[in-house]
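Fold and geometry: a report
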Amino acid sequence: QVQLVESGGGLVQAGGSLTLSCVASGSISSLNYMGWYRQAPGKQRELVARFNSGGTTNYADSVKGRFTISRDNAKNTVYLQMSSLKPEDTAVYFCNGRPYLNNNGVWGQGTQVTVSS
């Protein structure tokens, strides 16, 4: 089974930027939906950005224009470029890959992003 490992989290000031990486241990060709979710303390996990089957993307309204999801299939890696970060972006960010939307798929262990005001 494919394993996902996130990296790139850290502490950043408001207005700053970070790029998260999610490296898969194997091919992600069967994972038609690859993306990033986040979970803040006391809140439910939410979708941040995702590649859909066919190559389209979805972004949460709260990150549109600030975050960009990209992928390098040759490196089995998905990225999340985050700019103009806000304190409300503070959360644990998880990478997820799934063959179908109604399948829970594979989750990484998460990487902490903390944005200070």
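Everything below is about the structure printed above this text.
Read on for a plain summary of the structure. (Residues numbered from 1 in each chain as written. Predicted model: local features only at pLDDT ≥ 70, side-chain atom pairs only at ≥ 80, totals over all residues. Heavy atoms only, no water.)

For the rest of this paragraph, the subject is the side chain of T111. When you line up the elements, T111 lands in strand β11 (residues 111-116). For T111, a relative accessible area of 10% gives the class buried. Within the structure, the side chain of T111 is placed 3.2 Å from the backbone nitrogen of G9, a separation counted as a polar contact. Other than its neighbours up to four places away in sequence, T111 contacts E6, S7, G8, G9, L20, A91, V92 and Y93. (Helix = DSSP H or I, 4+ residues; strand = E, 2+ residues; numbered from the N terminus. Buried < 20%, exposed > 50% of the residue type's maximum accessible area, 1.4 Å probe, protein only. Polar contact = N/O pair within 3.5 Å; in protein donor to acceptor, adjacent residues only side chain to side chain. Contact = heavy atoms within 4.5 Å.)

On to the pattern of salt bridges, then. Here the structure, examined in full by the defined rule, presents 4 salt bridges. The closest approach of N and O atoms between D61 and K64, which form a salt bridge, is 3.1 Å. Since its relative accessible area comes to 65%, D61 is described here as exposed. (Salt bridge = Lys/Arg side-chain N within 4 Å of Asp/Glu carboxyl O.)

A few words now on the pairing of strand β8 (residues 77-82). Moving residue by residue along a regular strand, the side chains alternate between the two faces of the sheet. Two strands pair when backbone bridges link them, and strand β3 (residues 18-24) and β8 are joined in this way by 6 bridges, in the antiparallel orientation. When the sheet's bridge partners are listed, C22 is paired in β8 with V78. Of the pairings in the sheet, the one linking strand β7 (residues 67-72) to β8 comprises 6 bridges and is antiparallel in character. Along β8, the bridge assignment pairs T68 with Q81. Connecting β7 to the antiparallel partner β8 that follows it, the hairpin turn spans 4 residues, and N76 within it adopts a positive phi of roughly 50 degrees. (Pairing = 2+ DSSP bridges.)

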